[in-house]
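Commentary on secondary and tertiary structure
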Amino acid sequence: MPRKKKANIDELISALDEHVAEQNNDVWSGTLRDYIGMVANKPSLNMSAHKRVLQMIESHGVTKCEDTGERTYSFFESDLFGIDDSIKQVMEYLKAAAAGSEVSRRILLMYGPTSSGKSQFAINLKRGLEEYSKTEPGAMYCLSDSPMNEDPLVAIPESMRPAFLSEHGIKVEGSLSPYMEMLLKEEYGGNFLDLPVKRVFISEKNRSCIGTFVPSDKKSQDIAELIGSIDLSTIGKYGAESDPRAYRFDGELNVANRGMMEFVEMLKVDQKFLYVLLTLAQEKNIKTGRFPFIYADEFILSHTNETEYRRFLAKEEMEALHDRIIVVKVPYNLTVSEEVKIYSKLIGQANFESIHIAPYTLHCAAMFSVLSRLKEPKNQTLSLMNKMRLYNGEEIEGFTSGDVPQLKEEFNEEGMSGISPRYVINRISSILADDSKTCITPIDVIRSIRNGFKSNPKLDGAEIERLENILTKIIEEYSKIAKNEVQKAFFVNFEEEIQGLLSNYMDHIGSYLDGTMVEDEWGDKHEPNERLMRSIEEKISITESGKKSFRQEIYRKMLRGMQSGDSDLYNYKDHPRLKEALEKQLFEERQDIIRLTVSSRNPDGDSLKRLNVVIETLCDKYDYTPESANKLLRYVSSLMARN
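Scope of this entry: the structure provided in the associated data block.

About the thresholds
Residues numbered from 1 in each chain as written. Predicted model: local features only at pLDDT ≥ 70, side-chain atom pairs only at ≥ 80, totals over all residues. Heavy atoms only, no water. Salt bridge = Lys/Arg side-chain N within 4 Å of Asp/Glu carboxyl O. Helix = DSSP H or I, 4+ residues; strand = E, 2+ residues; numbered from the N terminus. Axes fitted to C-alpha atoms, helices over the stretch in contact; angles between N-to-C directions. Parallel < 35°, antiparallel > 145°, perpendicular 65-115°, else oblique. Left-handed = near helix turned anticlockwise from the far one by under 90°. Contact = heavy atoms within 4.5 Å. Pairing = 2+ DSSP bridges. Buried < 20%, exposed > 50% of the residue type's maximum accessible area, 1.4 Å probe, protein only.

What follows concerns the pattern of salt bridges. The full count for this structure, using the stated rule, is 38 salt bridges. Between glutamate 158 and arginine 161 there is a salt bridge, with its nearest N and O atoms 3.4 Å apart. A salt bridge links arginine 207 to glutamate 252; the shortest N-O distance between them is 2.6 Å. Highlighted residues: arginine 207 in the loop between strand E6 (196-200) and strand E7 (210-213) and glutamate 252 in helix H10 (residues 252-255), separated in sequence by 45 residues.

Printed below as a string of structure tokens:
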């Protein structure tokens with residue numbers, strides 16, 4: 001064992017050495033003359049801030065859906081869940097801005113409830129830019145002496161830029177900062193081609209091309225944090241405050257030049273800060289008290305909560321800024337499967353490996369969160385629970401996935417309130433941190449969520465009552481799931497048995513629809529077994545008048561599957577209602593033996609042997625541990641005892 005550990009350490013050190021070597025190899029320096037030659041051969045080096053962000057995102061991979069034409073971006077898949085509509089809007093903004101349209105002169109503002117993903121979105125972009133700048137496609141170069149990492153090409157005189165564009169297809173925008181103007185004249189005699197150039201790496205930590213501003217008390221907040229300030233200690237040396245060498249270009253907007261500026265809770269700052277942003281967004285210039293405008297090209301991403309945003313809209317004096325903001329609403333996620341991913345990610349960031357999380361534990365928590373955010377549908381034939389399922393991509397009788405956009409349009413504010421992921425993960429973490437726990441179950445999480453209501457100052461009596469009612473629905477839903485889990489475990493060859501039942505059902509509905517006879521294993525022919533078909537269909541409330549259309553739908557899907565070559569038999573799991581009907585039919589045949597086995601306080605030898613097989617099946621096939629499997633059986637036993 002010690003030798004293996006040493007080998008692992010050697011590998012780690014070797015990997016770190018390689019990383020350092022790669023970093024050193026990426027260092028480049030030269031003159032503007034050298035850089036212009038590089039750009040002429042590789043025009044892609046000339047990128048605006050917005051285009052850099054866009055290309056960074058797209059470099060991780062883009063998938064286009066053939067049916068809808070919608071694009072999904074791999075960059076966001078591992079950290080952001082359930083905000084696809086918001087991401088789509090941001091990408092539309094970036095594409096328009098990267099193309100050089102007027103949209104590039106707008107501030108992107110994301111607003112929504114706390115813990116909806118706004119800050120995580122900004123963090124991901126910043127970390128992504130940092131890594132992208134280390135790659136060859138994302139390489140960035142700047143004037144070596146510039147305190148703002150200025151684009152080397154802005155040193156090219158205005159009079160020469162049209163020819164540069166026509167001959168090389170490279171558009172140059174912007175102007176040198178006052179500091180670089182002075183340096184060019186005094187140290188390089190105006191010969192801009194001799195200006196030194198270097199490769200620069202984006203880094204928030206090193207304050208290179210990423211700026212972050214967090215508002216504080218309006219009375220003490222200094223605008224110098226945004227635009228820099230005079231270094232009073234140098235006045236005696238340079239003789240005047242207007243000397244660029246006496247100015248510290250260290251404001252967050254200066255730092256963010258050619259990269260990204262994150263403005264946290266933008267609308268909470270004093271209005272004078274917003275006017276600085278207004279000038280920067282519209283004119284790409286930073287205005288200071290001692291100099292003319294300082295050119296800056298940066299992607300400004302701001303975020304705030306809904307209350308501040310509504311207050312901002314009501315201020316008529318901010319109308320000019322209203323027109324210069326692209327607004328993206330970021331509601332809570334409304335999809336159960338995506339909510340589970342959020343919890344899995346957050347739990348995975350901590351060290352809770354010794355505690356087993358039983359199946360459906362996070363699913364139940366996710367159902368609770370999503371239901372708390374949904375509005376009751378206007379269509380009274382659709383329950384809130386079924387609306388949740390429909391949003392989750394499940395099939396609901398009388399509705400299709402095509403109805404989802406219309407349902408979402410019913411309530412513009414759906415997802416802007418409800419339980420946040422942070423609340424739920426806090427309740428889950430409180431259980432995981434319990435040293436006496438070796439596993440947690442859906443019941444543990446439901447109990448913990450409920451116990452946290454009264455200690456939450458944001459919840460009044462009416463809201464607690466609403467959430468209690470939702471938890472009641474979750475308990476009912478989990479009870480069905482728990483029974484189903486136990487019932488499946490009683491069938492050692494469950495899939496084979498249900499496929500046999502499905503095959504039999506398909507044979508009979510095929511003959512029923514074709515008006516033909518069914519041939520049994522002996523070669524004898526019989527009328528289709530109406531009793532068998534109705535026994536299955538009644539499990540999911542298919543009426544006598546509706547049986548034919550149901551059978552036609554199922555048979556059509558079976559034929560489609562056979563024609564596509566995917567399978568020689570229709571997959572019952574593709575149709576949730578048929579799946580439910582088949583399972584109920586199979587379970588009904590074994591209901592008595594399940595009830596007797598599970599509910600017995602003192603099981604006999606055969607029952608005990610059967611229970612052990614069930615526990616082994618739950619562990620081997622359904623991701624339980626012996627402890628969580630026993631808890632599941634005890635819960636189902638209590639349910640059956642009540643029935």
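After that view of the structure, there is still more to cover.
Here we come to the packing of helix H14 (residues 336-348) against helix H15 (residues 361-373). Relative orientation of the contacting elements H14 and H15 amounts to 120°, with a least axis distance of 8 Å. In this view, H14 runs oblique relative to H15, as classed from their interaxial angle. You can see that H14 and H15 cross each other, and the crossing is right-handed. Packed against H14, whose contacting residues are Val336, Glu339, Val340, Tyr343, Ser344 and Ile347, the element H15 presents Leu362, His363, Ala365, Ala366, Met367, Ser369, Val370 and Arg373 at the interface.

What follows concerns the sheet that holds strand E1 (residues 29-31). Spatially, E1-E6-E5 is the arrangement adopted by the three strands of the open sheet, whose pairing is antiparallel. Whereas interior strands pair on both sides, the edge strands pair on one side only; in this sheet they are E1 and strand E5 (140-143). Here the average twist between neighbouring strands, direction ignored, is 35°. Strand direction decides the pairing type here: E1 and E6, joined by three bridges, are antiparallel. Pairing of serine 29 across the sheet is with lysine 198, part of E6.

Okay, the environment of alanine 122 next. Examined against the element boundaries, alanine 122 turns out to sit in helix H5 (residues 118-132). Considering only alpha carbons, one finds alanine 122 and methionine 261, 139 residues apart in sequence, at a separation of 9.4 Å.

Side-chain direction in a regular strand flips from residue to residue, so the side chains alternate between the two faces of the sheet. Burial analysis of strand E13 (residues 299-304) places six of its six residues in the buried class, which makes it a mostly covered element. With burial as the criterion, each face of E13 is covered, one bearing Phe299, Leu301 and His303 and the other bearing Ile300, Ser302 and Thr304. Inspection of the sheet shows strand E4 (residues 107-111) paired to E13 by four bridges, in the parallel sense. Looking across to E13, one finds that methionine 110 is bridged to histidine 303.

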